[in-house]
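# A closer look at the structure
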Amino acid sequence: MAGAGAAANGGRNKYAVLDRSEERQTDARTERRRRPLAPESERGRRERFVYACAVFASLNAVLLGYDVGVMSGAIIYMQKDLHITEFQQEILVGCLSVVSLLGSLSGGRTSDAIGRKWTMGLGAIVFQIGATIMTFAPSFTVLMIGRLLAGVGIGFGAMVSGVYIAEISPAGARGTLTSLPEICINFGILLGYVSNYAFSGLSEHINWRIMLGVGILPSVFIGFALFVIPESPRWLMMEKRVSEARAVLLQISESEAEAEERLAEIEEAAGLMKSMKSEDKEVWRELLNPSPAVRRMLYAGCGIQLFQQITGIDATVYYSPTIFKDAGIKSDQELLAATVAVGFTKTVFILVAIFLIDRVGRKPLLYVSTIGMTICLFLLGVALTLQNHAVGLMSPRVGIDLAIFAVCGNVAFFSIGMGPICWVLSSEVFPLRLRAQGSALGQVGGRVSSGLVSMSFLSMARAISVAGMFFVFAAISTISVLFVYFCVPETKGKTLEQIEMMFESGDEWGGGEIELEDTQHLIPSIKKSVPLG
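Residues numbered from 1 in each chain as written. Predicted model: local features only at pLDDT ≥ 70, side-chain atom pairs only at ≥ 80, totals over all residues. Heavy atoms only, no water.

Turning our eyes to something else, we now look at the packing of aromatic side chains. As enumerated under the stated definition, the model contains six aromatic pairs in all. Their ring planes at 75 degrees and their centres at 5.6 Å tell us that Phe470 and Phe473 sit as a pair that is edge-to-face. Here Phe470 and its partner Phe473 are both found in helix α24 (residues 466–487), three residues apart, which amounts to about one turn of the helix. A residue is classified by how much of its surface remains accessible, and Phe470, at 0% relative accessible area, is buried. Overall, the relative accessible area of 4% leaves Phe473 in the buried class. Following the ring pairs from residue to residue traces out a cluster consisting of Tyr319, Phe457, Phe470 and Phe473. Over the ring of Tyr485 we find Lys363; its NZ or CZ atom is 5.9 Å from the centre of that ring. (Phe/Tyr/Trp six-rings, centres within 6.5 Å; stacked < 30°, edge-to-face > 60°. Helix = DSSP H or I, 4+ residues; strand = E, 2+ residues; numbered from the N terminus. Buried < 20%, exposed > 50% of the residue type's maximum accessible area, 1.4 Å probe, protein only. Lys NZ or Arg CZ within 6 Å of the ring centre and 35° of its normal.)

Pasting the structure below:
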């Protein structure tokens, strides 16, 4: 029946056929096109304003990225200064991911209570307090207290920034805009690596403190941003502040007609909440006892968060000095220089994803990403195995270069797909009534798995070797390819309300709408976007 319907509609995307509701939306768009648009200069100003709001909202992600990057190098000098053990090192590195889930969980409820943008501000304040405590910590215990507070603040910001950006973005640019937090994470990681390298020459008692203290600066800019960006129009509608929601939509839409159309869509979605009396406990009840449609949303939104982390990206970033030391690099300066190369590669390729995500779609990029990560993780395992167990078969320098190439390749493929699209999907797939808590639930899975990977990496590597760990990650990455095929739909170009109806229909779920062959045209696009030579 679905296939016949698609054929009858001239081969249109089957998920775009949304019965009478879509016909009304199509008629509204046709009517909007007939109405005069705002002058081109005015449309350009509004577009720049939307991008500015998305950038400011993404600054919270810089905090997370900087912490991840700077800790990989700072931990080397913390060990020497505070004499912490390997077990304490694992706890210190991994606890932030686990504790940040507390911020993510409470962030969903808080953002519904006080608004999206003020929740971002609260997260920045909590992070500042934690980072200050870490900077002046005289012992491991005090360091852990600051680390826990920083984790809670990061959880707040990471959860709500993606939701906020999705709710202010037009459908055609939502993929690009909601992937900005991933750009900021990568930029933060690069800043952390550069900070490690820049301050490594200072004394062991001072250098790591300065490295951590510099991380307070991005949160100061977040405070200024709160006076620039507007509140989410969808949250304002939830609070029945219709005139304010209309005013915000007029600021971020191409025309007054488009603003009214988006307002009507949001009002219709918000109307469902009124009839259900969507209190927080009822929302959680719906998530924990889901309907088939909500279950599909949870598979896609939470599953992508899980696979993003269990494929080992945080272990690769946090412990890159350990990986390169196992590959044969000896000096601390050379180790930190190699990590800067990793951070630079990760940042460059996230820019490639930004150019492609709204052009080719989410699913083709996820195929390229997961398959490429699988190959690079396996190659890294092979390089470390040969370097440690096949001495004489190749030059030590070749083994080091191969390991650096594999690590850079892994983070590059991660940045093309799994990194940014995780943020995009987790903020797209849930309807308005479930969006904050659903995104928070996805963050829980991602943060817990990230913490488990980070806190067990050194111990597991001692048991099965560093190379063995990357063979395990390569196997998990292979499974993620199947997950993308069966559980992730294509959401490119659809409004948030259309995506909700797509999950409600659920016809022919399981990867049929995007075939693996569709990714072949990506290779020329990537070559054009980034010089490979």
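Here the idea is simple: oppositely charged side chains can pair when their charged atoms come close. This model, assessed by the stated rule, comprises seven salt bridges. Asp81 is the partner of Arg209 in a salt bridge, and the nearest nitrogen-oxygen pair spans 3.7 Å. Separated by 128 residues along the polypeptide, Arg209 in helix α10 (residues 207–213) and Asp81 in helix α4 (residues 59–82) bring together distant segments of the chain. Each member of the pair, Arg209 as well as Asp81, is classed as buried. The shortest N-O distance in the salt bridge between Asp112 and Arg116 comes to 2.7 Å. Arg116 matches Asp112 in its accessibility class, with the two residues each being buried. Connected through salt bridges with shared partners, the residues Asp112, Arg116 and Glu167 form a single ionic network. (Salt bridge = Lys/Arg side-chain N within 4 Å of Asp/Glu carboxyl O.)

Looking now at the side chain of Ser477. Position of Ser477 among the secondary structure elements: in helix α24. Here Ser477 falls in the buried class, since its relative accessible area comes to 0%. A polar contact of 2.8 Å, which involves the side chain of Ser477, links it to the side chain of Thr374. Not counting residues up to four positions away in its chain, the partners in contact with Ser477 are Thr311, Thr370, Met373, Thr374 and Leu377. (Polar contact = N/O pair within 3.5 Å; in protein donor to acceptor, adjacent residues only side chain to side chain. Contact = heavy atoms within 4.5 Å.)

Residue placement: Asn207 occurs in helix α10. By relative accessible area, which is 0% here, Asn207 ends up buried. Residue contacts for Asn207: discarding those within four places in its chain leaves Tyr77, Phe199, Ser200 and Leu202.

What follows deals with the environment of Arg296. With respect to the helices and strands, Arg296 occurs in helix α16 (residues 292–310). By relative accessible area, which is 18% here, Arg296 ends up buried. In this structure, the C-alpha to C-alpha distance between Arg296 and Val488, residues 192 residues apart in sequence, is 8.9 Å.

Turning our eyes to something else, we now look at the confidence of the model for the chain. On average, residues of the chain score 78 in pLDDT, and 83% of them are at 70 or above. Element-level pLDDT for the chain is lowest in helix α1 (residues 2–8), with a mean of 38, against a maximum mean of 92 in α24. Throughout residues 1–26 the model reports pLDDT below 50, and contacts reaching past four residues in sequence, or to other chains, amount to 30 contacts. Considering only residues more than four positions removed or in separate chains, one finds that residues 508–533, a stretch of pLDDT under 50, has 46 contacts. (pLDDT = per-residue confidence, 0-100.)

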